[in-house]
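Geometric and topological summary
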Amino acid sequence: MNSTTMRRAGLSIAVAAALTGVAACGSSGGGDGDAKGKKKGSVALSPIAALRTIQDKTDSADSAKIEGKTVMGTKMSMDMTGSMEWSDGITGNMTATLTGGTQAEQMEQIGQSKIDYRYLKNGFYANMGDKFAEQAGGGKHWIEYDYATLAEISGAAGDAFKDQMQNTTPNQSVKMLLASGDVKRVGEETVRGTKATHYSGTVDAADFTGKNADLDAEQMAELRKQFKQVGLTTQTIDIWVDADDLLVKKAEKGKMADGDFSQTAYYSDYGTPVSVEKPPASDTMSFKDLMNQQPQA
């Protein structure tokens, strides 16, 4: 395999990991605004009161087992499973299986479709497999993705991603619905055998991502440009909540320039213990070093 192919594979891992983390522990945006009902004290305010309780309960749960699926147009589809903890930034262990799209095709070239991720407070690690270690990793299997480095490389989108990965919790989806202004209670449904209440709303993707990351005007302009380039403007967010006011399912959908975008995650076993070990330094190389050693495609 040539160096350009290996470099592209590394880039695809970064995208996959970003989507895994965002889908697992929140949304691609967030905000703390207030959705407004038509009358004070009316039935229209009841979803808002419920969502505020859900927000607090989910935030204080600290951890959960998570599984789900991400589809990003023709670029990638991916299944995920693992556990995450969010009491002090995002930490956890996730396994992602790339099931289709151009990103999966790139990964097939290095003999890898299932990737193990380890999330720590300041970055995450991806196990690239034996073929990568032999051909480009100098015998090292793991790539370290430092959030500060990704922010430096990716501009405003990177700044927003860094903030989300260090501060996001599953209740970000609830915050987005509270801030959307059009949240509604859909009704009672069953999610994997659990009775749940379904809520839905629509948000502006760039606006709420920027607010969540506290970007300035210049960064917001850059972020909107980046979102426009991929064709993602608005997102529909749906959540399902059990009798204990805990999130059991989250789904986000939107349109992109190259197809539909969707993220779905299921949550269970809140409070589950999560232990994450940093990969051995002797078996790890940084994403920045990988970028520097490979020529531009």
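**Points about the overall build of the chain**
- Of regular secondary structure, the chain possesses nine helices and twelve strands.
- Long-range pairs, those at least 24 residues apart, make up 64% of the contacts in the chain with a sequence separation of at least 6.
- Carbon together with sulfur atoms contributes 46% to the accessible area of the chain, which is approximately 13300 Å² in total.

**Examining unusual backbone geometry**
- Positive phi is not limited to glycine here, since Arg192 has a value of about 50°.
- Of note, Arg192 is situated in the loop between strand E7 (184–191) and strand E8 (194–204).
- Notably, Asp245 is not glycine yet its phi reads approximately 65°, a positive angle.
- Along the chain, the position of Asp245 falls in the loop between strand E9 (234–241) and strand E10 (247–256).

**Digging into the side chain of Glu85**
- Looking at the secondary structure, you find Glu85 in strand E2 (residues 76–85).
- One buried charged side chain, Glu85, makes no salt bridge at all; its nearest oppositely charged neighbour is Lys121, positioned 9.8 Å away.
- Every residue in contact with Glu85, bar those within four places of it in the chain, is listed here: Asp62, Ser63, Ile90, Thr91 and Val274.

**Thoughts on the side chain of Asp283**
- Residue position: Asp283 is located in the loop between strand E11 (259–268) and strand E12 (284–286).
- One polar contact links the side chain of Asp283 to the main-chain amide nitrogen of His141, over a distance of 2.9 Å.
- Excluding anything up to four places from it in sequence, Asp283 contacts Gly139, Lys140, His141 and Trp142.

**A short note on the packing of aromatic side chains**
- As enumerated under the stated definition, the model contains six aromatic pairs in all.
- Their ring planes at 45° and their centres at 6.3 Å tell us that Tyr117 and Tyr119 sit as a pair that is tilted. The burial state of Tyr117 is the same as that of Tyr119; both residues are buried.
- Look at Phe124 and Tyr145: their rings are 4.9 Å apart centre to centre, the planes differ by 25°, and that puts the pair in the stacked class. Here the residue Phe124 occupies a position in strand E5 (residues 123–127), and Tyr145 occupies one in strand E6 (residues 142–146), the gap between them amounting to 21 residues. Each member of the pair Phe124 and Tyr145 is classed as buried.
- Here the aromatic residues Tyr117, Tyr119, Phe124, Tyr145, Tyr147 and Phe287 are joined through ring pairs into a cluster of three or more.

**Some words on the pattern of salt bridges**
- Under the defined criterion, the tally for this structure stands at six salt bridges.
- Asp245 is the partner of Lys57 in a salt bridge, and the nearest nitrogen-oxygen pair spans 3.8 Å. One end of the pair, Lys57, is in helix H2 (residues 46–61); the other, Asp245, is in the loop between E9 and E10, with 188 residues separating them in the sequence.
- The class for Asp245 is partly exposed, based on a relative accessible area of 25%.
- For Lys250, the salt bridge goes to Glu252, with nearest N and O atoms at 3.3 Å. Take Lys250 and Glu252: they sit in the same class, and that class is buried.

**Things to note about the environment of Asp258**
- Among the structural elements, Asp258 can be located in the loop between E10 and E11.
- Among all residues touching Asp258, those that are not within four sequence positions of it are Met72, Gly73, Thr74 and Lys75.

**So, the nonpolar core**
- Within the largest apolar cluster, 49 residues are counted, with the highest numbers of intra-cluster contacts made by Ile13, Leu51, Phe132, Ile143, Tyr145 and Ile239.
- In terms of nonpolar packing, the next biggest core, distinct from the first, is built from five residues, Ala196, Trp240, Val248 and Ala251 among them.

**Let's talk about the environment of Thr236**
- By secondary structure assignment, the location of Thr236 is in strand E9.
- As for Thr236 and Ser200, which are separated by 36 residues in sequence, their C-alpha atoms are 7.3 Å apart.
- When residues no more than four places from it in sequence are discounted, the contact partners of Thr236 are Ser200, Gly201, Thr202, Ala251, Glu252 and Lys253.

**Quick notes on the environment of Gln263**
- On the secondary structure map, Gln263 appears in strand E11.
- Expressed as a C-alpha distance, the spacing of Gln263 and Met72, which sit 191 residues apart in the sequence, is 8.5 Å.

Here is what the cut-offs are and how they apply
- Residues numbered from 1 in each chain as written.
- Predicted model: local features only at pLDDT ≥ 70, side-chain atom pairs only at ≥ 80, totals over all residues.
- Heavy atoms only, no water.
- Helix = DSSP H or I, 4+ residues; strand = E, 2+ residues; numbered from the N terminus.
- Contact = heavy atoms within 4.5 Å.
- Areas by Shrake-Rupley, 256 points an atom, 1.4 Å probe, with all protein chains shown as cover.
- Buried < 20%, exposed > 50% of the residue type's maximum accessible area, 1.4 Å probe, protein only.
- Lys, Arg positive; Asp, Glu negative; His and termini not counted.
- Salt bridge = Lys/Arg side-chain N within 4 Å of Asp/Glu carboxyl O.
- Polar contact = N/O pair within 3.5 Å; in protein donor to acceptor, adjacent residues only side chain to side chain.
- Phe/Tyr/Trp six-rings, centres within 6.5 Å; stacked < 30°, edge-to-face > 60°.
- Core = buried A, V, L, I, M, F, W, Y, C linked by side-chain atoms within 4.5 Å.

Keep in mind that these numbers describe shape and distance, not what the molecule does.
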